[in-house]
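# Structural features, examined
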Amino acid sequence: MSALHPIVSVTGSSGSGTTSVRNTFDQIFRREGVEAVFIEGDAFHALDREAMREAVAREPTLSHFGERANLLPELEAVFREYAASGRGRTRHYVHDAEEAARFQAAPGTFTPWEEFPEGSDLLFYEGLHGALANERVDIAAHADLKIGVVPVINLEWIQKLHRDKAARGYSTEAVTDVILHRMPDYVTTICPQFTNTDINFQRIPTVDTSNPFVARWIPTADESMVVIRFRDPRGIDFPYLISMIAGSFMSRANSVVIPGGKLDLAMQLILTPMILRLVERRRRLL
């Protein structure tokens, strides 16, 4: 953690909605004049797409959820370096043809490593491992604000099934196989991180998702509720949040439940003052 060079980390598994959270942070940064540098978790995969496919063929339980398929000591080193000096480096994993045209690299490959620009106010990470802490790495220790994005697992599977079938042409059976071989890493590596996060946003559908493998539609925001859990509720103005978010209520002393369609508003209300505190503390020290 660093007063001069703060780090904000958003953690969630594939299809959990971390990209939507990234868009919310983009709005906050733009509106408040915050200069952020970004790390995408995919940048620290250990293997490109073809090499990963070959590795999984040899070892079916290997997955990007786990440590073996990622450069996690290197990611921790970047967090540590940024916290100390405001410096670091990252790269991009090229997902598709659109990104290939932008980065001039083939889909499924990485761009060269690049140094962060100087003078940033904070580092923003969005990916799978931003709150990981175990006997080998402690990425969580270096982040000043850790956000978890965690749909209930049936909803997460529905989102993954629909995304991979529509965007990648996978069959239901192929996506199911991916879900199954990721499960050990999901249990041992992904889930424990949400104990380390400062705030969790967990989306819960209010329609039947009991068999996600035959669901024809992804539940909409209006068909969902979101549970917002604060690890440390001290200093959180719960009466203000309840008054500002129609249909919300407290379910526990550290948890607020909101309608799914109010998620962006809730994030704006909760996260904007937290970001401003980090940036103002940095600017006072400068």
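Further up the page is the structure itself.
Residues numbered from 1 in each chain as written. Predicted model: local features only at pLDDT ≥ 70, side-chain atom pairs only at ≥ 80, totals over all residues. Heavy atoms only, no water.

Attention now moves to the overall build of the protein chain. Along the protein chain, the regular secondary structure elements total nine helices and ten strands. Computed over its C-alpha atoms, the radius of gyration of the protein chain comes to 19 Å, within 12% of the 19 Å expected for a compact globule of 286 residues. Dimensions of the protein chain along its principal axes, counting C-alpha atoms only, are 50 × 45 × 40 Å. For the protein chain, the residues scored as buried account for 49% of the 286 residues in total. Within the structure as shown, the protein chain displays about 13800 Å² of accessible surface, and the carbon and sulfur contribution to it stands at 54%. Seen as two clouds, the 31 positive and the 37 negative side-chain charges of the protein chain have centres 3 Å apart. (Helix = DSSP H or I, 4+ residues; strand = E, 2+ residues; numbered from the N terminus. Rg over C-alpha atoms; globule rule 2.2 N^0.38 Å. Buried < 20%, exposed > 50% of the residue type's maximum accessible area, 1.4 Å probe, protein only. Areas by Shrake-Rupley, 256 points an atom, 1.4 Å probe, with all protein chains shown as cover. Lys, Arg positive; Asp, Glu negative; His and termini not counted. Charge placed at Lys NZ, Arg CZ, Asp CG, Glu CD.)

For the α-helix, the turn length of 3.6 residues means that residues three or four positions removed from each other point alike. Here helix α3 (residues 72-85) spans 20 Å end to end across 14 residues, near enough to the 20 Å set by a 1.5 Å rise per residue. Among the structural elements, β1 (7-11), β2 (36-40), β3 (89-90) and β5 (122-127) are those in contact with the buried residues of α3. (Expected span 1.5 Å × (residues − 1). Contact = heavy atoms within 4.5 Å.)

For the rest of this paragraph, the subject is the sheet that holds strand β9 (residues 249-252). Read across the open sheet, the eight strands follow the order β2-β5-β1-β6-β7-β8-β10-β9; overall the sheet is mixed. At either end of the open sheet lies a strand with only one pairing partner, and these are β2 and β9. Neighbouring strand axes in the sheet, compared pairwise and without regard to direction, differ in orientation by 20° on average. Sheet analysis places β9 next to strand β10 (residues 255-259), joined by three bridges and oriented antiparallel. Paired with F249 across the bridge in β10 is V257. The strands touched by α3 are β1, β2 and β5; relative to β5, the strand with the most contacts, the crossing angle is about 160°. Against the sheet, helix α9 (residues 263-285) touches β1, β5, β6 (145-149), β7 (199-205), β8 (224-230) and β10, its axis set at about 170° to β7. (Pairing = 2+ DSSP bridges. Axes fitted to C-alpha atoms, helices over the stretch in contact; angles between N-to-C directions.)

We now examine the pattern of salt bridges. Enumeration according to the criterion identifies 16 salt bridges in this entry. Here R80 ties to E76 by a salt bridge, and the two come within 3.3 Å at their closest N and O atoms. Here the residue R80 and the residue E76 both occupy positions in helix α3, the gap between them amounting to four residues, near one helical turn. On the accessibility criterion, R80 (41% relative accessible area) is partly exposed. A relative accessible area of 10% means that E76 is categorised as buried. (Salt bridge = Lys/Arg side-chain N within 4 Å of Asp/Glu carboxyl O.)

One finds F25, L122, I199, I228, I270, L271 and I275 to be the most contacted residues of the largest nonpolar core, which totals 32 residues. Residue contributions to this core peak at nine residues, all from α9. L271 has contacts with F25, I28, L145, I147 and I199, leaving out every residue within four places of it along the chain. If you look at the next biggest cluster of nonpolar residues, it comprises 18 residues, including L75, V78, F116 and L123. (Core = buried A, V, L, I, M, F, W, Y, C linked by side-chain atoms within 4.5 Å.)

Right, let's get into the side chain of H64. Structurally, H64 is set in the loop between α2 (49-58) and α3. Owing to a relative accessible area of 17%, H64 belongs among the buried residues under this scheme. Beyond its immediate sequence surroundings of up to four residues, H64 is in contact with H45, M52, A69, N70, L128 and H129.

So, on to unusual backbone geometry. Phi is positive for Q104, close to 55°, though the residue is something other than glycine. With respect to the helices and strands, Q104 occurs in the loop between α4 (97-103) and β4 (114-115). Owing to a relative accessible area of 68%, Q104 belongs among the exposed residues under this scheme.

Where nonpolar side chains cluster on the molecular surface, the patch consists of L4, L285 and L286 and spans about 310 Å² of accessible area. By the secondary structure assignment, L286 is in the segment after α9. Looking at L286, the relative accessible area reads 65%, which means it is exposed. (Patch = residues over 30% accessible without salt bridge, like charges linked within 9 Å, V, L, I, M, F, W, Y side chains within 5 Å.)

Moving on, we get to the pairing of β6. Of all five residues in β6, five are buried; the element is thus mostly enclosed. Here β6 shows two buried faces, one formed by L145, I147 and V149 and the other by K146 and G148. Where β1 lies against β6, four bridges are found, and the strand directions are parallel. Each bridged residue has a counterpart across the sheet, and for V8 the counterpart in β6 is L145. By the bridge criterion, three bridges tie β6 to β7 in an arrangement that is parallel. Paired with G148 across the strands is N200, a residue of β7.

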